[in-house]
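Per-entry structural report
One letter stands for each residue in the lines below.
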Amino acid sequence: MNLDDDLATWAATVRLPDADAAAIFQRIVAAPPAAVTGAAVAPVAAPPAPAASSAAPQLDPAWWRGFTAGFTSRMVASTAPVRLAA
Amino acid sequence: MDREAEFRRLYEAHRVAVHAYFAGRVGDRQSAADRMQEVFQRAWQHRDKLTGLPEDGQRGWLFTVARNLSVDVARHQRTADGTQRALEHESAGPQAPVGVPASTAVIAAERAAVVAAAIARLPEQQRVTLTMAAAGKLNSAEIGTALGVPAGTVRYRLSLARRTLAEALGDYDDPKEGEQ
């Protein structure tokens, strides 16, 4: 066996089986939009939500990271010891 | 074509690559599948925009989301030992190909375990790149687009990783050779 064969054997153990991938796909398309976006629950085969709904604010992790970083900075700044006037 | 069918085409075109990316990052198949699902859930939310993009654009969008998710992954990432255990566990029982003698299958499994252990010890950039190439079946240019690095950098990382694996397998094939 050469390295490519060994890598192919290893890759086969890492790759997601097709059945698992299909199950994940079904979970994604069956999930009600309200679970993530807060929009009204729509049946799977329903027309897409209106643009206004899809553009509604979401609990985006990136937003939370920015918010948390800003909040932390403000907290640290506000609790820093104040130098007393001599 | 209905929207679910369009999204299915997008999913099938990119799921292997996205899963391979996370497999390289987190080290085990199931955690990678969970992360992959998160990426495609977001893609599903933005399917109207995404399905209209060319394949490169779709891949760029998906991997931007994947890299952002990886920041969270990194915060909860297992220790190097945990990752190694997970990879070794994943490779503990590769299935023997039909019609292959048992001794050959055992050797293949042992070599796969050596490869898995060596991959787990690779620096993360090399591990992710190699996993995307081997398990994701992406070429250097595609990996570069996904990771936001030049294709030459991808090839260099792959070269380093393959050299490390070759050395590990060399030690396995001939332990005395490594001691000389």
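Residues numbered from 1 in each chain as written. Chains lettered and ligands numbered in written order. Predicted model: local features only at pLDDT ≥ 70, side-chain atom pairs only at ≥ 80, totals over all residues. Heavy atoms only, no water.

1. Regarding the overall build of chain A
Regarding its fold elements, chain A presents four helices and zero strands. Secondary structure elements of chain A, listed N to C terminal, follow the sequence α-α-α-α. A total of 86 residues make up chain A; the buried ones form 17% of that total. Of the roughly 5,700 Å² of accessible surface on chain A, 68% is carried by carbon and sulfur atoms. (Helix = DSSP H or I, 4+ residues; strand = E, 2+ residues; numbered from the N terminus. Buried < 20%, exposed > 50% of the residue type's maximum accessible area, 1.4 Å probe, protein only. Areas by Shrake-Rupley, 256 points an atom, 1.4 Å probe, with all protein chains shown as cover.)

2. Describing the overall build of chain B
A tally of helices and strands in chain B yields 10 helices and zero strands. Going from the N terminus to the C terminus, chain B shows its helices and strands as α-α-α-α-α-α-α-α-α-α. The buried share among the 180 residues of chain B stands at 44%. Of the contacts formed within chain B by residues at least 6 apart in sequence, a portion of 68% connects residues at least 24 apart. Entry remark: accessible area of chain B is about 9,000 Å², with carbon and sulfur atoms responsible for 49%. (Contact = heavy atoms within 4.5 Å.)

3. Some thoughts on the interface of chain A and chain B
Counting residues at the interface gives 30 residues for chain A, matched by 42 residues for chain B. Taking both sides of the interface into account, the surface hidden between chain A and chain B amounts to around 3,400 Å²; carbon and sulfur atoms contribute 64%. Linking chain A to chain B there are three salt bridges. With a closest N to O distance of 2.9 Å, aspartate 4 of chain A and arginine 162 of chain B form a salt bridge. (Buried area = accessible area lost by both parts, 1.4 Å probe. Salt bridge = Lys/Arg side-chain N within 4 Å of Asp/Glu carboxyl O.)

4. With respect to the side chain of histidine 14 of chain B
Its location among the elements puts histidine 14 of chain B in helix H1 (residues 3-26). Among the residues examined, histidine 14 of chain B registers a relative accessible area of 1% and is labelled buried.

5. Focus on unusual backbone geometry
Residues and elements named next belong to chain B. Positive phi, normally seen in glycine, also occurs at lysine 137, with a value near 55°. Structurally, lysine 137 is set in the loop between helix H7 (124-134) and helix H8 (140-147). For lysine 137, a relative accessible area of 63% gives the class exposed.

6. Considerations on the environment of glutamine 58 of chain B
Residue and element names in this part refer to chain B. Inspection of the secondary structure assignment puts glutamine 58 in helix H4 (residues 55-75). On the basis of relative accessibility, which here comes to 8%, the residue glutamine 58 falls in the buried class. For the pair formed by glutamine 58 and leucine 10, sequence separation is 48 residues and the distance between their alpha carbons is 7.9 Å. Apart from residues lying up to four places away in sequence, glutamine 58 is in contact with Leu10, His14, Leu50, Thr51 and Leu53. In terms of polar contacts, glutamine 58 uses its side chain to reach the backbone carbonyl oxygen of leucine 53, at 3.3 Å. (Polar contact = N/O pair within 3.5 Å; in protein donor to acceptor, adjacent residues only side chain to side chain.)

7. Observations regarding helix H2 (residues 18-30) of chain A
With 13 residues, H2 of chain A extends 18 Å from end C-alpha to end C-alpha; this agrees with the ideal 18 Å at 1.5 Å per step. For H2 of chain A, the set of buried residues is Ala21, Ile24, Phe25, Ile28 and Val29 of chain A. The buried residues of H2 of chain A occupy one face: seen down the axis, they fall within an arc of 125°. In the core, the buried residues of H2 of chain A are packed alongside H1 and helix H2 (29-45) of chain B. (Expected span 1.5 Å × (residues − 1). Arc of directions from axis to C-beta.)

8. Brief notes about H1 of chain B
Taking the largest bend as the criterion, H1 of chain B deviates by roughly 45°, centred on histidine 14 of chain B. Of the residues that open H1 of chain B, the one with a side-chain oxygen 2.8 Å from the backbone nitrogen of glutamate 4 of chain B is aspartate 2 of chain B. (Bend = angle between axes of the 7 residues up to and from the residue.)

9. A few points about the confidence of the model for chain B
Residue and element names in this part refer to chain B. Chain-level statistics for chain B give a pLDDT mean of 83 and a share of 78% at 70 or above. For chain B, per-element mean pLDDT is lowest for helix H10 (residues 175-179), which scores 55, and highest for H7, which scores 94. Scoring of the predicted complex yields 0.66 for pTM and 0.73 for ipTM. (pLDDT = per-residue confidence, 0-100.)

10. Considering the packing of helix H1 (residues 3-14) of chain A against H7 of chain B
Interaxial distance between H1 of chain A and H7 of chain B falls to 9 Å at its minimum, and their mutual angle equals 90°. One element, H1 of chain A, and the other, H7 of chain B, form an angle in the roughly perpendicular class. Here Leu7, Trp10, Ala11 and Val14 of chain A of H1 of chain A come into contact with H7 of chain B, specifically with Leu130, Thr131 and Ala134 of chain B. The residue inventory of the contact of H1 of chain A with H7 of chain B, partitioned by class, reads six nonpolar, one polar and no charged. (Axes fitted to C-alpha atoms, helices over the stretch in contact; angles between N-to-C directions. Parallel < 35°, antiparallel > 145°, perpendicular 65-115°, else oblique. Nonpolar A, V, L, I, M, F, W, Y, C, P; charged D, E, K, R; others polar.)

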